[in-house]
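# What the coordinates show
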Amino acid sequence: MFSHSNRRFFVFLTMVMAVTRNFYSVNTAQTEPPIEIVDAEEVQEITDAPTPAAETSARVTVGAASTDAPVPIESYYCQNSIDITTVALFEKNVLNSTKPIIVQFWGESSDPCKIMTARIGKAIDDKGGKIKLARVNIDDHKKIASIAGVKTVPIIVAYRGGEVIETLHGIKDESDLKIFVGKFIVD
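Keep in mind that what you see is a predicted model, and the values were worked out from it rather than measured. (Residues numbered from 1 in each chain as written. Predicted model: local features only at pLDDT ≥ 70, side-chain atom pairs only at ≥ 80, totals over all residues. Heavy atoms only, no water.)

### Here's the deal with the packing of aromatic side chains
Filter applied, for reference: When the centres of two rings from Phe, Tyr and Trp lie within 6.5 Å, Trp using its six-membered ring, the rings pair. Their planes under 30 degrees apart give stacked, over 60 give edge-to-face, and anything left gives tilted. The helix count covers DSSP runs of H or I at least four residues long, the strand count covers runs of E at least two residues long, and both are numbered beginning at the N terminus.
Summed over all chains, the structure comprises three aromatic pairs. Ring geometry for Phe90 versus Tyr159: centroids 6.1 Å apart, planes at 90 degrees, classification edge-to-face. With Phe90 in helix 3 (residues 87–95) and Tyr159 in strand 6 (residues 155–160), this pair connects stretches of sequence that are 69 residues apart. Put simply, the rings of Phe90, Phe105 and Tyr159 touch in pairs and so form one group of aromatic residues.

### A few points about helix 3
The cut-off we apply is this: Note on exposure labels: buried denotes an accessible area under 20% of the residue type's maximum, exposed denotes more than 50%, and partly exposed covers the range between, all computed with a 1.4 Å probe on protein chains only. Each direction from the helix axis to a C-beta atom contributes to the arc, which is the arc of those directions. Here, two residues are considered to be in contact whenever any of their heavy atoms come within 4.5 Å of each other.
Burial in helix 3 covers these residues: Phe90, Asn93 and Val94. Projected down its long axis, helix 3 carries its buried residues within an arc of 95 degrees, all on one side. In helix 3, the exposed positions that point more than 90 degrees away from the buried face belong to Ala88 and Lys92. Check the buried side of helix 3 and you find it contacts strand 3 (81–83), strand 4 (101–106), strand 5 (132–137), helix 5 (142–148) and strand 6.

### Examining the sheet that holds strand 7 (residues 163–169)
Here is the rule we go by: Only strands joined by at least two bridges in the DSSP assignment are considered to pair. Lines are fitted to the C-alpha atoms to define the axes, a helix being fitted only along its stretch in contact, and any angle between axes, read from their N-to-C directions, falls within 0 to 180 degrees.
In space, the five strands of this open sheet follow the order 3-5-4-6-7, with mixed pairing throughout. The two strands at the open ends of the sheet, each matched to only one other strand, are strand 3 and strand 7. Going from strand to strand, the sheet's axes swing by 25 degrees on average, the running direction of each strand aside.

### Looking at the side chain of Ser97
Its location among the elements puts Ser97 in the loop between helix 3 and strand 4. Aside from chain neighbours lying at most four places away, what touches Ser97 is Lys92, Arg160, Gly161 and Gly162.

### Notes on helix 6 (residues 174–182)
Taken together, the buried positions of helix 6 are Leu177, Phe180 and Val181. Viewed end-on, helix 6 has its buried residues packed into an arc of 95 degrees, placing them on one side of the element. The secondary structure elements touched by the buried residues of helix 6 are strand 4, helix 4 (111–125), strand 6 and strand 7.

### A closer look at the pattern of salt bridges
Oppositely charged side chains are able to pair whenever their charged atoms sit close together. Selection rule: Salt-bridge detection follows one rule: a side-chain nitrogen of Lys or Arg within 4 Å of a carboxyl oxygen of Asp or Glu.
Scanning the entire structure with this criterion turns up four salt bridges. With its nearest N and O atoms 3.4 Å apart, the salt bridge here joins Lys178 to Asp126. Linking Lys178 in helix 6 with Asp126 in the loop between helix 4 and strand 5, this pair joins segments that are 52 residues apart in sequence. Residue Glu166 is joined to Lys183 by a salt bridge in which the shortest nitrogen-to-oxygen separation is 3.0 Å. Here the residue Glu166 occupies a position in strand 7, and Lys183 occupies one in the segment after helix 6, the gap between them amounting to 17 residues.

### Notes on the environment of Gly128
Mapping Gly128 onto the fold places it in the loop between helix 4 and strand 5. Sequence spacing of Gly128 and Gln79 is 49 residues, and the spatial spacing of their C-alpha atoms is 9.4 Å.

### Brief notes about the pairing of strand 7
Across six bridges, strand 6 lies against strand 7 in antiparallel orientation. Following the sheet pairing, Val157 is matched in strand 7 by Thr167. The turn joining strand 6 and strand 7, which pair antiparallel and follow one another in sequence, is formed by two residues; a positive phi near 60 degrees is taken by Gly161.

### Describing the confidence of the model for the protein
Where the model shows low pLDDT, its predicted coordinates should not be examined in detail. Our working definition: Per-residue confidence from the predictor is reported as pLDDT, which spans 0 to 100.
Scored by pLDDT, the protein has a mean of 75; 59% of the residues are at 70 or more. Across residues 22–72, confidence stays below pLDDT 50; counting only partners more than four residues off in sequence or on other chains, it has 57 contacts.

### Some remarks on the pairing of strand 5
Counting buried positions along strand 5 yields five of six residues, so the element is predominantly enclosed. Relative to strand 5, strand 3 runs parallel, the two being bridged by three bridges. Paired with Asp83 across the bridge in strand 5 is Arg135. Relative to strand 5, strand 4 runs parallel, the two sharing six bridges.

Next comes the structure, spelled out in structure tokens:
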């Protein structure tokens, strides 16, 4: 029925689908029965073709019966931050600011944003209040994201006098963020 390479692909695809389903449903109540990934010997019985011993694997259950916890996300509250919730606040604190300010555009459901929130917050606070962080939730404040030209998150933008000085996209290391923040400190 299946060639040897097709059978391996089928087992691989089944595993990927099960893991993906578990990843996206880990925080939701599940009413469906779990997906079960069978070992290669059971696939052999289904396909009625020989399977090399190297392809056998342990039984893995994913879904409602899974006990896997989500990956923990760092949490940190930045002491030197402002939550930008209106266009007027964005204009006043970012676009009309004479001092440099760093703006983090983030989304509530984005784990990379949560990671970057903790990291940029620590980097800002390590500078002892010499620079401020403005945070914009693009899910709740689409108009501000549109004004700033932000289409994806996480993104961190440094502004001075309403002009973009530098932009960081994606997840960055804490050391990279400390260097980034240090560039914009005015004594």
